[in-house]
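Coordinates in review
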Amino acid sequence: MPRVIITVPEKNAQPYRFKLDRKVVSLGRGSDNHIVIDCSSVSGKHAEMHRVEGGYELADLGSTNGIKYDGTRQQKVSLRSGMTVKLGDVSFDFTLTEEELESLGHEKPLNESPISKEPEEEAPKNKQKAKREPETSPRRKVVVQQSAGAGLGIIILFFVLAAACFYAGLAIRHEKDTGESLIKAMANKGDVEKEAPAPTPPAPEE
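Residues numbered from 1 in each chain as written. Predicted model: local features only at pLDDT ≥ 70, side-chain atom pairs only at ≥ 80, totals over all residues. Heavy atoms only, no water.

Here we come to the sheet that holds strand S5 (residues 47–52). The strand order across the open sheet built from 5 strands is S4-S3-S5-S6-S9, with neighbouring strands paired in mixed fashion. Of all strands in the sheet, those bounded by a partner on one side alone are strand S4 (35–36) and strand S9 (76–79). As judged from the 4 bridges shared by strand S3 (residues 24–28) and S5, these two strands associate in the antiparallel manner. Paired with Leu27 across the strands is Ala47, a residue of S5. (Pairing = 2+ DSSP bridges. Helix = DSSP H or I, 4+ residues; strand = E, 2+ residues; numbered from the N terminus.)

Take a look at the structure:
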């Protein structure tokens, strides 16, 4: 049978036992409680121990000094074998036998969460990687095309500048030698060729 030991300060410990089928056990200073605790720090109706699936719970009934576990005041405490809870200044020790622990173990455990955690998905990482790869390839292609077009433009510009320099050199030299502009000389040459008289045909022989 579950065992509860009530220890009032400066008094002998008082053990209590009850069967597993007991649904409610009331505790307090009042004489109408199942376990009467003679201590000024305990209220008349201090707490109740309830039988639930998988074990027991100790609930505060609005007492003045409350119930505390591990130094923290709580409204309700899920009891485990070997646990000590404070009702005011009184120690409440709860113990179960091996047979009782085995019997309660077949019941639904306390505070069982109905929500289960699913494994983390790694698919989004692969999708992000797949999206990035197509984006980099067109960019590289555009950069290569732009580099090739720029190189061709530089070569053409070089030849144009070289031709201009060559023509300028010829014009300067021609002007020094003849005292006449090369452009004007080329224009006059064209006019002379156009105005040159046609050759006279030979006279017929008698």
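Having put the structure on the table, let's press on.
What follows deals with the pattern of salt bridges. It is possible for side chains bearing opposite charge to pair when their charged atoms get close. Summed over all chains, the structure comprises 4 salt bridges. Between Glu57 and Lys76 there is a salt bridge whose closest N-O contact spans 3.8 Å. Placement of the pair is Glu57 in strand S6 (residues 55–60) and Lys76 in strand S9, with a sequence separation of 19 residues. A salt bridge links Arg73 to Asp60; its shortest N-O distance comes to 3.9 Å. (Salt bridge = Lys/Arg side-chain N within 4 Å of Asp/Glu carboxyl O.)

With the rule as written, the count across this model stands at 2 aromatic pairs. An aromatic cluster is built from Phe18, Tyr56 and Phe94, whose rings are joined through pairwise contacts. (Phe/Tyr/Trp six-rings, centres within 6.5 Å; stacked < 30°, edge-to-face > 60°.)

It is worth spelling out the sheet that holds strand S11 (residues 90–95) at this point. Spatially, 6 strands are ordered S2-S1-S11-S10-S7-S8 in an open sheet, and the strand pairing comes out antiparallel. Each of the sheet's edge strands pairs with one partner strand only, and the pair in question is strand S2 (14–17) and strand S8 (72–74). Strand-to-strand, the axes of this sheet are offset by a mean angle of 30 degrees, without reference to chain direction. Pairing between strand S1 (residues 3–7) and S2: 4 bridges, direction antiparallel. From the neighbouring strand, Ile5 faces S2, where its bridge partner is Pro15. (Axes fitted to C-alpha atoms, helices over the stretch in contact; angles between N-to-C directions.)

By size, the foremost hydrophobic cluster in this structure holds 25 residues, and its most contacted members are Ile6, Leu27, Ile37, Met49, Leu58, Leu79 and Phe92. If we skip the residues at most four places from it in the chain, Phe92 touches Val4, Ile5, Ile6, Leu27, Met49, Leu58, Leu79, Met83, Thr84, Val85 and Leu87. (Core = buried A, V, L, I, M, F, W, Y, C linked by side-chain atoms within 4.5 Å. Buried < 20%, exposed > 50% of the residue type's maximum accessible area, 1.4 Å probe, protein only. Contact = heavy atoms within 4.5 Å.)

This part covers the pairing of strand S10 (residues 83–87). A one-sided burial pattern is seen for S10, the buried positions being Met83, Val85 and Leu87 and the unburied ones Thr84 and Lys86. Bridge count for strand S7 (residues 67–69) against S10 is 2 bridges, and the pairing is antiparallel. Within S10, the position partnered with Ile67 by the bridge is Leu87. Between S10 and S11, which pair antiparallel one after the other, the connecting turn spans 2 residues, and Gly88 there sits at a positive phi close to 65 degrees.

Along the chain, Lys11 falls in the loop between S1 and S2. Considered as a pair, Lys11 and Asp38 are 27 residues apart in the sequence and their alpha carbons are 9.9 Å apart.

Attention shifts here to the side chain of Glu57. Exposure remark for Glu57: the relative accessible area of 15% places this residue in the buried category. Beyond its immediate stretch of four places on either side in the chain, Glu57 contacts Glu48, Met49, His50, Val52, Lys76, Val77, Ser78 and Leu79.

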